[in-house]
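Reading the structure
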Amino acid sequence: MKIPKILKKNNRKYLLVKIYKNYVLYEEELTGYKECFMKHDLGLIKEREKPKKGNRIFGGY
């Protein structure tokens, strides 16, 4: 899981400032505005769908 040092998102360029446990802090290159992104927003973590409990097949009834 490699975190990019330069992030291009929404036609803006962000530079990596600091990595925290649950999110990553970036600073916009032109204005200096700091913004946090979750690792899910960066595409590092894929969303998984949990199976529903009602879909199980039980035998022996």
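Residues numbered from 1 in each chain as written. Predicted model: local features only at pLDDT ≥ 70, side-chain atom pairs only at ≥ 80, totals over all residues. Heavy atoms only, no water.

1. What to know about the pattern of salt bridges
Under the counting rule described, the total for this entry stands at 1 salt bridge. Ionic pairing is found between Arg-12 and Glu-28, a salt bridge with its closest N-O pair at 2.9 Å. Of the two residues, Arg-12 is situated in strand E2 (residues 12-19) and Glu-28 in strand E3 (residues 23-28); the sequence distance between them amounts to 16 residues. Its relative accessible area of 41% is what places Arg-12 among the partly exposed residues. (Salt bridge = Lys/Arg side-chain N within 4 Å of Asp/Glu carboxyl O. Helix = DSSP H or I, 4+ residues; strand = E, 2+ residues; numbered from the N terminus. Buried < 20%, exposed > 50% of the residue type's maximum accessible area, 1.4 Å probe, protein only.)

2. Examining the side chain of Lys-39
Looking at where Lys-39 falls in the secondary structure, it is placed in the segment after strand E4 (34-38). In this structure Lys-39 is buried but unpaired, with Asp-41 as the nearest side chain of opposite charge at 12 Å. A distance of 3.5 Å separates a polar atom in the side chain of Lys-39 from the backbone oxygen of Lys-21. (Lys, Arg positive; Asp, Glu negative; His and termini not counted. Polar contact = N/O pair within 3.5 Å; in protein donor to acceptor, adjacent residues only side chain to side chain.)

3. Details of the confidence of the model for the protein
Across the protein, the average pLDDT comes to 84, with 80% of residues at 70 or higher. Element-level mean pLDDT values for the protein span from 90 in strand E1 (residues 6-9) up to 95 in E2. (pLDDT = per-residue confidence, 0-100.)

4. What to know about the nonpolar core
Judged by nonpolar contacts, Ile-3, Leu-7, Tyr-14, Val-24, Tyr-26, Phe-37 and Leu-42 together constitute the single largest core of 7 residues. Setting aside chain neighbours within four positions, we find Phe-37 in contact with Leu-7, Lys-9, Tyr-14, Tyr-23, Val-24, Tyr-26 and Leu-42. (Core = buried A, V, L, I, M, F, W, Y, C linked by side-chain atoms within 4.5 Å. Contact = heavy atoms within 4.5 Å.)

5. Observations regarding the pairing of E2
When a strand is regular, its side chains alternate between the sheet's two faces. Across 4 bridges, E1 lies against E2 in antiparallel orientation. Each residue of the ladder has a partner; that of Ile-6, found in E2, is Leu-15. Counting the residues in the hairpin turn of E1 and E2 gives 2 residues, including Asn-10, whose phi is positive at 55 degrees. Note that E2 and E3 share 5 bridges and pair antiparallel. When the sheet's bridge partners are listed, Leu-16 is paired in E3 with Tyr-26. Linking E2 to E3, which pair antiparallel, is a turn of 3 residues. (Pairing = 2+ DSSP bridges.)

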